[in-house]
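Observations on the three-dimensional arrangement
Spelled out from the first residue to the last, the chains are:
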Amino acid sequence: GTIKYRYYGRYIEEMVKKIAEMPNSKEKEELIKALANHMKKLYLTWNKDSVDDDIIIRDLYEMSEGKINAQGLKLIETKELLKKHKKQQNQKRNK
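Attention here is on the structure that accompanies the text. Every chain is numbered on its own, with residues counted from 1 as its sequence reads. Given that this is a predicted model, residues contribute local features only at a pLDDT of at least 70 and side-chain atom pairs are listed and counted only at 80 or more, while totals for whole chains, interfaces and linings are drawn from all residues. Note: side-chain values were computed over all heavy atoms of the structure, leaving out hydrogens and water.

A word on the overall build of the protein. Put simply, DSSP marks the helices as runs of H or I at least four residues long and the strands as runs of E at least two long, and each gets a number from the N terminus on. What the protein contains, in helices and strands, is four helices and zero strands. Throughout, a contact is declared for two residues whenever any of their heavy atoms are within 4.5 Å. Summarising the internal contacts of the protein: among those between residues at least 6 apart in sequence, 58% fall at separations of at least 24. When the accessible surface of the protein is split by element, carbon and sulfur atoms take 50% of a total near 6,900 Å². Areas reported as accessible are Shrake-Rupley estimates using a 1.4 Å probe. Residue values count occlusion only from the protein chains shown.

Listed below in C-alpha cells is the structure:
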C-alpha cells in the first residue's frame, strides 16, 4: 500500500504498529521515546528548519490508530538534532 507519512517511511510505520500492540511496560515507554526521537530526526531531514514535538506526537498517535498516546513526551531539542546532523554531514565531506 501507499505510505501516508513518506518522510518516516514504511519501516517506521511497521515499528509503530508493533510497538502499539505491546503490553504496557517500561520497555514499551522507552521504545516509544526512542521511536519518537528518531521520527523527529527523519522529519527534520525532509523539513530542514524545525518541527514542533506536537507534530511528531500527533503522527505517532495517528499511525498507531490511537493506541500510542505520547502526549507530554519530551523529545530531543531540534537544535541538538540539527547540530548532530550538520556535524555528520561535515564528517562525510571531509573523507
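Relative orientation and spacing of two packed helices are given, respectively, by the angle between their axes and the distance between those axes. Angles shown run from 0 to 180 degrees and are taken between the N-to-C directions of axes, each axis being a line fitted to C-alpha atoms and, for helices, limited to the stretch in contact. It is the contact of helix H2 (residues 26–46) with helix H3 (residues 53–63), at a shortest axis distance of 10 Å, that shows an interaxial angle of 115°. The interaxial crossing formed by H2 with H3 has right-handed handedness. Taken together, the residues of H3 that come into contact with H2 (itself represented by Ile32, Leu35, Ala36, Met39, Lys40 and Tyr43) are Asp53, Ile55, Ile56, Asp59, Leu60 and Met63. For this classification, Asp, Glu, Lys and Arg are treated as charged, while Ala, Val, Leu, Ile, Met, Phe, Trp, Tyr, Cys and Pro are nonpolar and the rest, including Gly, are polar. Classifying every residue of the contact of H2 with H3 by side-chain character gives nine nonpolar, no polar and three charged. Crossing chirality is assigned from the near helix's rotation relative to the far helix, an anticlockwise turn below a right angle marking it left-handed and a clockwise turn marking it right-handed.

For the rest of this paragraph, the subject is the nonpolar core. To qualify as a nonpolar core, a set must consist of buried Ala, Val, Leu, Ile, Met, Phe, Trp, Tyr and Cys residues joined through side-chain atoms within 4.5 Å. Only protein chains enter the accessibility calculation, which uses a 1.4 Å probe; a residue is then buried when its area is under 20% of its type maximum, exposed when over 50%, and partly exposed in between. By size, the foremost hydrophobic cluster in this structure holds 21 residues, and its most contacted members are Tyr8, Met39, Ile56 and Leu60. Those elements giving two or more residues to this core turn out to be helix H1 (10–21), H2 and H3. If one sorts the elements of this core by residue count, H2 sits on top with six residues. With residues near it in sequence (within four places) discarded, isoleucine 56 still touches Tyr8, Ala36, Met39, Lys40, Tyr43, Val51 and Leu75.

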